[in-house]
Amino acid sequence: MPLRARNIVFAPGLFGWGPPDEMNAILPYWGDARAQLDGGAFRIHEAKVGPVSSFHDRACELYAQIRGRRVDYGAAHSSAAGHDRFSPTLTFEGRGLVEGWSAENPVILIGHSAGAQTCLILQQLLREGLWNAPGDETSADWIEVVVSVAGVLNGSTLPYMFGCDKSSGALSRGLSPQAISSLIKLANAAGAQLDYTPGLVSLWLDHWAGAADEARSAAWFEASPFVTGTDNLAYDLTLQGCRKANDRFEASPNTYYLSLVTGATRAPPVLKTIGGALTRLFGQTPGPRAIPEASMLPLLLPSALYQASVTFDARPIPGWGEGDLKLDAWSENDGAVSSISQRYPFTGQQAAPVAAGGFMEGRPPERGKWCFERIETVAGLRFDHLDPVFGISAKSHALREAHQTLWRKLGERLNTL
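Going along each chain's sequence as written, the residues are numbered from 1 onward. Restriction of local features to residues with pLDDT of at least 70 applies here, the model being predicted, together with a cutoff of 80 or more for giving and counting side-chain atom pairs; totals for whole chains, interfaces and linings are based on all residues. Where side-chain values are given, they derive from all heavy atoms of the structure, hydrogens and water being excluded.

Our focus in this paragraph is the pattern of salt bridges. When a carboxyl oxygen of Asp or Glu is within 4 Å of a side-chain nitrogen of Lys or Arg, the pair counts as a salt bridge. Applying the stated criterion across every chain, the model contains 21 salt bridges. For the salt bridge of Asp 247 with Arg 243, the shortest nitrogen-to-oxygen distance reads 3.2 Å. Of this pair, Asp 247 and Arg 243 are both found in helix H10 (residues 239–248), four residues apart, which corresponds to roughly one turn of the helix. One salt bridge connects Glu 293 with Arg 382, and the closest N-O pair in it is separated by 2.8 Å. Here Arg 382 lies in the loop between helix H13 (375–379) and helix H14 (397–416) and Glu 293 lies in the loop between strand E9 (291–292) and helix H12 (301–307), a separation of 89 residues in the sequence. Relative accessible area decides the class of each residue, using a 1.4 Å probe on protein chains only: under 20% of the type maximum gives buried, over 50% gives exposed, and in between gives partly exposed. You can call Arg 382 partly exposed: its relative accessible area is 23%. Residues participating in the shared-partner salt-bridge network are Arg 266, Glu 293, Glu 332, Arg 374, Glu 376 and Arg 382. Numbering of helices and strands runs from the N terminus; a helix is a DSSP stretch of H or I covering at least four residues, while a strand is a stretch of E covering at least two.

See the structure below:
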């Protein structure tokens, strides 16, 4: 069956932005992607979702934008999380991105980083009928393609660097007030808004009681259920959070699942020869198990080294330390997420179905199965976490050309499905 979807919707990642954020005019989140995909075959749309909100809340915001509805987070979820069911200010009624969105007029979703799981949760919510009404029922078939770009599909070890508990994934109660205060000051300096009010970056947190009244308050962030609970993006991006999401997700037999994998670290030269002996001697490789490539953005260097050095006293999730969950297998990363985590969801109770081989060239991908491809095999150069999007603005001409090649080839592949 040929591809029916003619609309592509972008979903950004952690701390991501989009219309109507002023930042998007200054530094377009998706770099040159839109221009490379906009060849007439597809209508391109950029969505904006809560930069630090949970997968669930982001998925609800994505649905509302595509469909043209008021944001509805669901009664049961909102009650359990401790926030309002509806945003006081956030509505897209009468201005949906895709007119007549349905199983007959499905969409292609492209998610970067946390945006990938956001897209998967949206499909699950469509399957479960969260927004169903008599005569208006949704299904998983409303999404025909999900493209994960540097997607955090199985979690990242990076959130533990910023205060998430290694055993539970939740933000520690002892999270430094000074750290929170610093983040709020940075948000203030950037003109960040907690609600829908256009600003440099809007945080979209006004469905949390007290956020609007105590805007940019470090005290609110420290004490609120947004921080003390698990309905936030910090928890969702942990190994525990993504395992919970993967337990819930079920692949649709009518959807293509395509994953583009980034990686910008390499094994230290000495470990290439003696790493195996050190592992046998110490039980694990001492010191950083990978080092960043010279092309990695300086912003990502500390996080890349952390992920290549992190250890766990106890298993964070079932199966940790075995097979693809061996610590050394998670050392290669792009500065934000391990490369092995980006391929396809495998930490849930049942691993996702996977098709053999890549998908950009050669035989076409299969519906209902995950297909993954290393970006360097498509674009010719290795990418860090931000190179597929706005990070390319600070890179060399060769990397910018590789960025453009990646998106152009992806558009060509989508057009041949």
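Continuing now.
The axes are straight lines fitted to the C-alpha atoms, using for helices just the contacting stretch, and the angles between their N-to-C directions are given from 0 to 180°. In contact at an axis separation of 10 Å, helix H5 (residues 114–128) and H10 are set at 35 degrees when each is read in the N-to-C sense. For H5 against H10, the interelement crossing comes out left-handed. Every residue of H10 that contacts H5 at Gln 117, Ile 121, Gln 124, Leu 125 and Glu 128 is listed here: Cys 242, Ala 245, Asn 246 and Arg 248. With the far helix as reference, a near helix turned anticlockwise by less than a right angle produces a left-handed crossing, and one turned clockwise produces a right-handed crossing. Every residue pair with non-hydrogen atoms within 4.5 Å of one another is taken to be in contact.

This part covers H10. Working note: α-helix, 3.6 residues per turn, so residues spaced by three or four point in the same direction. Listing the buried residues of H10 in full gives Leu 239, Gln 240, Gly 241, Cys 242, Ala 245 and Asn 246. Turning to H10, the residues buried within the fold contact helix H3 (55–67), H5 and helix H9 (233–236).

Burial analysis of strand E1 (residues 7–11) places five of its five residues in the buried class, which makes it a mostly covered element. Judged by which residues are buried, E1 turns out to be covered on both faces: Asn 7, Val 9 and Ala 11 on one side and Ile 8 and Phe 10 on the other are all buried. Note that E1 and strand E2 (residues 43–46) share four bridges and pair parallel. Across the sheet, residue Ile 8 finds its bridge partner in E2, namely Ile 44. Pairing between strands requires that DSSP locate at least two bridges from one strand to the other. Bridge analysis of E1 against strand E5 (residues 107–112) gives five bridges, and the strand direction is parallel. Its bridge partner lying in E5, Ala 11 is registered against Gly 111.

Scope: geometric values only; no functional claims are made or implied.
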